[in-house]
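Residues per chain are reported as follows:
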Amino acid sequence: MSEEKYVPKSKLGQWFDSRLPLLTLAHHINDYPTPKNLNYWWTFGGILTFFLIVQIITGLVLAMHYVAHADLAFGSVEHIMRDVNYGWLIRYLHANGSSMFFLAVYIHIFRALFYGSYKAPREMIWIIGMLIYMLMMATAFMGYVLPWGQMSFWAATVITNLFSAIPLVGESITTWLWGGYAVGSPTLTRFFSLHYLMPFLIFGLVILHIWALHIPGNNNPVGIDIKQLSKETVPFHPYIIIKDLYALLIFLIIFSGFVFFVPNVLGHPDNYIEANPMITPTHIVPEWYLLPFYAILRSIPDKLGGVVVMFAAVFILMFLPWLDTSKVRSAVFRPLYKIFFWILVIDVIVLGYIGAKPPEGMYLIIGRIATIYYFVHFILIMPILGFKEKTKPLPLSISDPVLGDEDKLSSEKTMNNR
Amino acid sequence: MSSSYAVLTTIIILLVLFLYLSWVFVSIKVVDKEQKGETTERRDFLFTASYALGAVGVGVVVWPLIDQMNPDASVKALATTEVDISKIGLGKTITVLWRGKPVFIRRRTQEEISKAKNVQLEELKDPQKDEDRVKKPEWLIMTGVCTHLGCVPLGDKGDFGGWFCPCHGSHYDTSGRIRKGPAPTNLEIPKYEFVDNNTIKIG
Ligand code: HEM
Ligand code: FES
């Protein structure tokens, strides 16, 4: 992205870089031109990377003490909590880290929705991001099974049974997933194996995600292309790194609040009861970050239908770049979309609330309305809005809304002929 | 499982044979042209055939990797359980674990039995006569696994005097048939037999 080709200063550096261009890579990241108008909603990518590393390191340490066997798992987690030096801290970091990871990813995703960051030419970034999100959900679900408490066991049962809705082969698939005729020890050991693997797959996808980002460069709050690199961007180091670190610090304060003061509020007390295949807790709920999808599942009064619609709710996001027909990226210039965006945010929060409530009476009705609206937003509102909406005039450059029109016309050097 | 592996291997051997024979066949056809330097068809075919064979080879290796996740011999060995039912009072249920799943054994009251029998089949989502679900009307034996997503339903609950699943609200009647809620089918009846009047063998 920088104009001239980078050559390391030292002879050794040149020798090394011509054989393995790691220094060029470091230099690229250092100098990577970033729109100067990025706001704090853009700091969550860095926060997410940080939390992936936190999860991997704390997970690695937990795995040194954890035993993946139905008879021993619950006890080994208690052993981590009581006997292992700082075991309580590491486990609380890992359990709450997962919640913070999801909090950050939801903010990150809604940021993309608001500023139209999924639109051309950034579709690949978006699609890889969605794959990461799905893998995150699978990873967190399997991690939640590992402590082998009541919620672990029944979450594993309900989620794996989703596959039994598949016609004809459903039952063979669940038996295959379980390694038995119900969730049991074979299920636990394979979940542990996969829970260990998946974060590294996520890590690989994160590299692709950032690679895909560095081709067109960042989107920005006004959502228009960079016209003039030298005037409209700042190098990643030190400007963006420092801003990211500042945001991370604030986020870490919230994280510490959870870890040190209320480490169990986001969890469920029933998970401190050992798994019992004979009794289902009267009110089972998934972790908070999966609640909206759980609400969608339960709002459909048919088994296969519920499962299909729930998966559709995730997969539909993949098609967003083509469902959104508007040429304008940022919601700042889309007065109607801006309203619908906030309605969607509320809708998802309502779904999350309903997901935590028993599926009866009013809750069921609200859940159904919210589910329908969720799909209406993506299938009807997004495509139609692109044609009907009268958008506000776009500024000529990203400097424009800040500086007035002094450098409006000096756009001889655009991103495209870099 | 080993039988399916044999089938798979046989299919693969047949495929290999097929590829080999078609190669010979094509070779004979193109060999003339090739001598005249007109074509590279033969070489293309060899490439394609090699890749295809490679893909098949990968398939053969992948199957054991997939199949290892199916229930192993030790899991399958726990196939039957004998239960003493002499101590179960009228209108009481016991739950036993069979293959990791709960099984309900209920000694039904006369009232429950007649209630189950008097239901019109048209009213049912998964029509089944009560007679077809029991060996002796007094004893209802079924897996206690909700056919929706696998929770254990609670006894003596729900709108039909049978079972109620708290997870997503499925109601079962006194014969364990689904009456209301998202579950698609009746509670399953496992294979069982009465060894004598006081003992049943499940599985
Ligand atoms: C994407 C990254 C990850 C996420 C979102 C995640 C999520 C989770 C969650 C939600 C739990 C349950 C916590 C609880 O309630 O106790 C868990 C447990 C666990 N995870 Fe992870 N995890 C991640 C990465 C890893 C990695 C890389 C490892 C291993 C190297 C690991 C090893 C473990 C172990 C051993 C447990 C069981 C101990 C416990 O329950 O605290 N995790 N994970
Ligand atoms: S598992 Fe019983 S109603 Fe869903």
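All values derive from a computational prediction rather than experimental measurement.

### Quick word on the nonpolar core
The biggest cluster of nonpolar side chains holds 125 residues, and the ones touching the most others in it are A:Trp126 and A:Tyr374. Considering each element in turn, this core owes the most residues, 16 residues, to helix α6 (residues 123–145) of chain A. Counting 13 residues, the second largest nonpolar core, distinct from the first, contains B:Ile88, B:Phe194, B:Ile200 and B:Ile202.

### Remarks on the domain arrangement of chain B
What the domain assignment lists for chain B is domain 1 (3–70) and domain 2 (75–202). For domain 1 of chain B and domain 2 of chain B, the distance between their C-alpha centroids amounts to 53 Å.

### Some thoughts on the site of ligand 1
Residue and element names in this part refer to chain A. Residues in close proximity to ligand 1 total 25 residues, the closest being Arg91, His94, Pro147, His195 and Tyr196. Residue histidine 94 places a side-chain N or O atom 2.8 Å away from a nitrogen atom belonging to ligand 1. Interatomic distance of 2.7 Å between a side-chain N/O atom of histidine 195 and a nitrogen atom of ligand 1. Counting only elements with at least two residues in the shell around ligand 1, the list comes to α3 (44–63), α5 (87–115), α6 and α9 (185–214). Counting residues per element, the shell around ligand 1 draws most heavily on α3, at seven residues.

### A short note on the environment of A:Val345
Structurally, A:Val345 is set in helix α15 (residues 335–355). For A:Val345 and A:Tyr374, which are 29 residues apart along the polypeptide, the C-alpha to C-alpha distance reads 9.7 Å.

### Concerning the interface of chain A and chain B
Counting residues at the interface gives 28 residues for chain A, matched by 25 residues for chain B. When the buried surface of chain A facing chain B is broken down by residue, A:Trp176, A:Tyr181 and A:Met278 rank first, second and third, together holding 33% of it. The interface formed by chain A and chain B includes zero salt bridges. At the boundary of chain A and chain B, one finds seven residue pairs in polar contact (both at pLDDT 80 or more). Listing elements by their share of the side of chain A that touches chain B, those giving two or more residues are α7 (150–161), α8 (170–178), α9 and α12 (291–299) of chain A. Sorting elements by how many residues they give to the side of chain A that touches chain B places α7(A) first, with four residues. Its residues assigned to classes, the side of chain A that touches chain B shows 16 nonpolar, eight polar and four charged.

### A look at the confidence of the model for chain A
Across chain A, pLDDT averages 93, with 95% of residues at or above 70. The low-confidence segment residues 405–418 of chain A, where pLDDT is below 50, has 23 contacts with residues more than four positions distant or belonging to other chains.

### Here's the deal with the environment of A:Gly179
Among the structural elements, A:Gly179 can be located in the loop between α8 and α9. For A:Gly179, a relative accessible area of 2% corresponds to the buried category. What A:Gly179 contacts, discounting residues up to four positions off in sequence, is A:Pro186, A:Arg190, B:Met69, B:Asn70, B:Pro71 and B:Val75.

### What about the coordination of the iron atom of ligand 1?
All names here are of chain A. Coordination sphere of the iron atom of ligand 1, protein contribution only: His94 (NE2) and His195 (NE2), at 1.9 to 2.0 Å. Taken together, the six donor atoms coordinating the iron atom of ligand 1 and their angles of 87 to 179° define a geometry best described as octahedral. Of this pair, histidine 94 sits in helix α5 while histidine 195 sits in helix α9; the two residues are 101 residues apart in sequence, bridging distant segments of the chain. As far as burial versus exposure is concerned, histidine 94 and histidine 195 are alike and both buried.

### Brief notes about the packing of aromatic side chains
This structure, assessed with the given rule, holds 32 aromatic pairs over all chains. When the ring of A:Phe44 is compared with that of A:Phe251, the centres are 5.8 Å apart and the planes differ by 85°; the resulting orientation is edge-to-face. Pair noted here: A:Phe44 is in helix α3 and A:Phe251 is in helix α11 (residues 236–261), with a separation of 207 residues, a long-range link. Exposure class is identical for A:Phe44 and A:Phe251. Each is buried. Aromatic pair B:Phe104 and B:Trp163: ring centres 5.8 Å apart, planes at 10°, arrangement stacked. In this pair, B:Phe104 sits in strand β3 (residues 101–107) while B:Trp163 sits in strand β6 (residues 161–165), placing the two residues 59 residues apart along the sequence. Taken as a pair, B:Phe104 and B:Trp163 share a single burial class, namely buried. Within the aromatic cluster, the residues linked to one another by ring pairs are A:Trp42, A:Phe110, A:Phe114, A:Tyr115, A:Tyr337, A:Phe341 and A:Trp342. The side chain of B:Arg99 reaches across the aromatic face of A:Tyr181, ending 3.7 Å from its centre.

### Topic: the side chain of A:His209
With respect to the helices and strands, the residue A:His209 is situated in helix α9. Discounting chain neighbours no more than four positions away, the residues touching A:His209 are A:His108, A:Ile125, A:Ile128, A:Gly129 and A:Ile132.

### Some details on the sheet that holds strand β5 (residues 154–155) of chain B
Residues and elements named next belong to chain B. Taking strand neighbours across the sheet as the criterion, the four strands line up as β5-β6-β7-β8 in an open arrangement whose pairing is antiparallel. Two strands bound the open sheet, and with one partner strand each, they are β5 and β8 (178–180). Alignment of β5 against β6, held across two bridges, turns out to be antiparallel. Across the sheet, leucine 154 pairs through a bridge with phenylalanine 164, a residue of β6.

The rules behind each value
Residues numbered from 1 in each chain as written. Chains lettered and ligands numbered in written order. Predicted model: local features only at pLDDT ≥ 70, side-chain atom pairs only at ≥ 80, totals over all residues. Heavy atoms only, no water. Core = buried A, V, L, I, M, F, W, Y, C linked by side-chain atoms within 4.5 Å. Buried < 20%, exposed > 50% of the residue type's maximum accessible area, 1.4 Å probe, protein only. Helix = DSSP H or I, 4+ residues; strand = E, 2+ residues; numbered from the N terminus. Domains from an automatic or database assignment. Near = heavy atom within 4 Å. Polar contact = N/O pair within 3.5 Å; in protein donor to acceptor, adjacent residues only side chain to side chain. Contact = heavy atoms within 4.5 Å. Buried area = accessible area lost by both parts, 1.4 Å probe. Salt bridge = Lys/Arg side-chain N within 4 Å of Asp/Glu carboxyl O. Nonpolar A, V, L, I, M, F, W, Y, C, P; charged D, E, K, R; others polar. pLDDT = per-residue confidence, 0-100. Donors = N, O, S within 2.8 Å, 3.2 Å for Na, K, Ca; no water. Tetrahedral: all angles 85-135°; square planar, octahedral: opposite > 155°, others 65-115°. Phe/Tyr/Trp six-rings, centres within 6.5 Å; stacked < 30°, edge-to-face > 60°. Lys NZ or Arg CZ within 6 Å of the ring centre and 35° of its normal. Pairing = 2+ DSSP bridges.

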